[in-house]
Amino acid sequence: TKLRVGLLFGGRSGEHEVSISSARAIAKALGAEENASKYEILPFYIQKDGRWLAGETPQQVLGSGIPLLESQNLTPQEQNKLASNPQTQALGRWQSPSQVAEVDVWFPILHGPNGEDGTIQGLLTLMQVPFVGSGVLGSAMGMDKIAMKMAFEQAGLPQVKYKALTRAQVWSNPCVFPKLCDEIEATLGYPCFVKPANLGSSVGIAKVRSRQELETALDNAAGYDRRIIVEAGVVAREVECAVLGNEQAQASVVGEITFNSDFYDYETKYTEGKADLHIPASLPDAVSRQIQDMALQAFTAVDAAGLARVDFFYVEATGEILINEINTLPGFTATSMYPQLWAYSGVSFPELVDRLIQLALERHSK
Ligand code: ADP
Ligand code: MG
Ligand code: MG
């Protein structure tokens, strides 16, 4: 009998559309010749309002690639608000479709908050059904840029200088805020990067070059998250390494991203033709090996499992390799860096999906 794979996609984050694209690619891979006799897909679509749908609608979304929002109990204004702002509170109540009970192994392919941050992983853990990817701790650590940096620091991985802040500090009384900015200027300088700690896809990130820009960016980031990080800016090449496995994880070849924008922002990431992937990155062998080694250390440092993409800054002038971040549910579309790195390393897309499911089963049985 076939293993029933609960493909869980969509979600309430700003990366809803990316998730749909990733899910389509994974569904295709599960239906590929080498997998079709092993796996049966049960798709679950999480609407932008947080409600889970099983059956027809998810199939439709997978087929078309277009998000749907069933309008039950929502006024048109509420629907618009939800569709245009994924940060709004869920209006839909979480319901568990009856098909949930039929799943043998979950494949959550959700990006960003509520998908990549340990929340879904906690729910699936309570269900006691195996699932692909990191558990609660690895997911939460990998999502929060402050927690992640603390773990990297502990593991001895070099990274940029940073300062962690809270929304309360940023929105504190007007006497405290200037001191905070003074400190950032003195320790990090310009340009620096202001980021909400728990987002992805560059949402809410600003590169700032002046006091004025710093103040605006901090206020803006505080609107996205309670936790905020400010980092010293580096001029560097951006290189990425894919990790696959559990206790004995493996690192892929290293890839590079190039673009003409000021930094790798949302628009550059998701506008066709704005960024180029280079696989493998043209790097000295020793540098590639060191990046692979650091990627595996980072994977262990945050307690990741199954898969992760680890991103680095390579400062060519000095030879320095700085870790930027780990992504525990990286983009998984047919053209995404993660599957492409593995394809070049000899693991095809269908094989990759198969390996990830087997890793989920292995982790669950231990
Ligand atoms: P996300 O999780 O949203 O991808 P990142 O921390 O990777 O956030 O930042 C997004 C992009 O912003 C990076 O790919 C890079 O182009 C730029 N960036 C972020 N931090 C720095 C930094 N400290 N120095 C230089 N560029 C940075
Ligand atoms: Mg990220
Ligand atoms: Mg990034």
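Structure shown above.
Because the structure is a prediction, the values reported are computed rather than measured.

1. Overview of the overall build of the protein chain
Item 1. Looking only at helices and strands, one finds 14 helices and 13 strands in the protein chain.
Item 2. Its C-alpha atoms give the protein chain principal-axis dimensions of roughly 65 × 55 × 40 Å.
Item 3. Among the 366 residues that make up the protein chain, the fraction classed as buried is 51%.
Item 4. Within the protein chain, contacts between residues at least 6 apart in sequence are counted, and of these 69% link residues at least 24 apart.
Item 5. Accessible surface, the protein chain: about 16400 Å² in total, of which carbon and sulfur atoms supply 50%.
Item 6. On the protein chain, the mean spot of the 30 positive side-chain charges and the mean spot of the 42 negative ones are 3 Å from each other.

2. Some thoughts on the packing of aromatic side chains
Item 1. Applying the stated criterion across every chain, the model contains 9 aromatic pairs.
Item 2. Relative to Trp106, the ring of Trp52 has its centre 6.1 Å away and its plane inclined at 70°; by these criteria the two rings are edge-to-face. Of the two residues, Trp52 sits in strand E3 (residues 52–54) while Trp106 sits in strand E4 (residues 105–108), which places them 54 residues apart along the sequence. You'll find Trp52 and Trp106 in the same group, each marked buried.
Item 3. Among the aromatic residues, those joined into a ring-pair cluster are Phe107, Phe332, Tyr338 and Phe349.
Item 4. Sitting above the plane of the Tyr264 ring, Lys269 keeps its charged end 5.3 Å from the centroid.

3. Some points on the coordination of the magnesium ion (ligand 2)
Item 1. At the metal site, the magnesium ion (ligand 2) is ligated by Glu325 (OE), Glu325 (OE) and Asn327 (OD1), and these contacts range over 2.1 to 2.5 Å.
Item 2. If you look at the magnesium ion (ligand 2) and the magnesium ion (ligand 3), they sit 3.8 Å from each other and are both ligated by Glu325.
Item 3. Residue classification places Glu325 among the buried residues on the basis of a relative accessible area of 12%.

4. A few points about the packing of helix H1 (residues 16–30) against helix H14 (residues 349–365)
Item 1. Their axes nearest at 8 Å, the elements H1 and H14 cross at an angle of 90°. By the angle class used here, H1 and H14 are roughly perpendicular. For the pair H1 and H14, the contacting residues are Ala25, Ile26, Ala29 and Leu30 in the first and Phe349, Pro350, Val353 and Ile357 in the second.
Item 2. When its residues are assigned to classes, the contact of H1 with H14 shows 8 nonpolar, no polar and no charged.

5. Comments concerning the site of ligand 1
Item 1. Neighbouring ligand 1 are 19 residues; Lys145, Lys195, Ser202, Glu238 and Lys269 lie closest to it.
Item 2. Between ligand 1 and the protein, one listed contact pairs an oxygen atom with a side-chain N or O atom of Lys145 at 2.5 Å.
Item 3. Taking Tyr264, its main chain carries an N or O atom lying 3.0 Å from an oxygen atom of ligand 1.
Item 4. When ligand 1 sits alone it has 550 Å² of accessible area, and the protein chains cover 96% of it.
Item 5. Counting residues per element, the ones that place at least two in the shell around ligand 1 are strand E6 (192–196), strand E8 (227–232) and strand E13 (320–327).
Item 6. The class makeup of the residues in the shell around ligand 1 is 8 nonpolar, 5 polar and 6 charged.

What counts and what doesn't
Residue numbers restart at each chain and count upward from 1, following the sequence in its written direction. Key to labels: chains lettered from A, ligands numbered from 1, both in the order written. Two thresholds apply to this predicted model, a pLDDT of at least 70 for residue-level local features and 80 or more for giving and counting side-chain atom pairs, whereas whole-chain, interface and lining totals are computed over all residues. Water and hydrogen atoms were dropped before computing side-chain values, which therefore reflect all heavy atoms in the structure. Think of it this way: any DSSP run of H or I at least four residues long counts as a helix, any run of E at least two long counts as a strand, and we number them from the N terminus. Only protein chains enter the calculation, and the probe is 1.4 Å; a residue is then buried if its accessible area is under 20% of its type maximum, exposed if over 50%, and partly exposed in between. Residue contacts are counted whenever heavy atoms from the two residues lie within 4.5 Å of one another. For every accessible area listed, the method is Shrake-Rupley and the probe measures 1.4 Å; residues are considered covered only by the protein chains on display. This count recognises Lys and Arg as positive and Asp and Glu as negative, with His and chain-terminal groups excluded. Working definition for charges: the position is that of NZ of Lys, CZ of Arg, CG of Asp or CD of Glu. Note on aromatic pairs: the rings of Phe, Tyr and Trp (six-membered ring only in Trp) are paired at centre separations within 6.5 Å, and the planes decide the class, stacked below 30 degrees, edge-to-face beyond 60, tilted for the rest. In this analysis the charged atom, NZ for Lys or CZ for Arg, is taken to sit over a ring once it is within 6 Å of the ring centre and within 35 degrees of the ring normal. Here the coordinating atoms are restricted to nitrogen, oxygen and sulfur within 2.8 Å of the metal centre, or 3.2 Å for Na, K and Ca, and because water is not among them the sites may look incomplete. Orientation is described by lines fitted to C-alpha atoms, with helices fitted over the stretch in contact, and by angles between N-to-C directions that extend from 0 to 180 degrees. For this classification, under 35 degrees means roughly parallel, over 145 means roughly antiparallel, 65 to 115 means roughly perpendicular, and everything else is oblique. Note on residue categories: nonpolar means Ala, Val, Leu, Ile, Met, Phe, Trp, Tyr, Cys or Pro, charged means Asp, Glu, Lys or Arg, and polar means any other residue, Gly included. Residues are classed as near a molecule or strand on a simple rule: at least one heavy atom within 4 Å of it. Two N or O atoms form a polar contact when they lie within 3.5 Å of each other; inside protein one atom must be a possible hydrogen donor and the other a possible acceptor, and for residues adjacent in sequence the pair counts only when both atoms belong to side chains.

The quantities given are spatial measurements derived from coordinates; they are silent on function.
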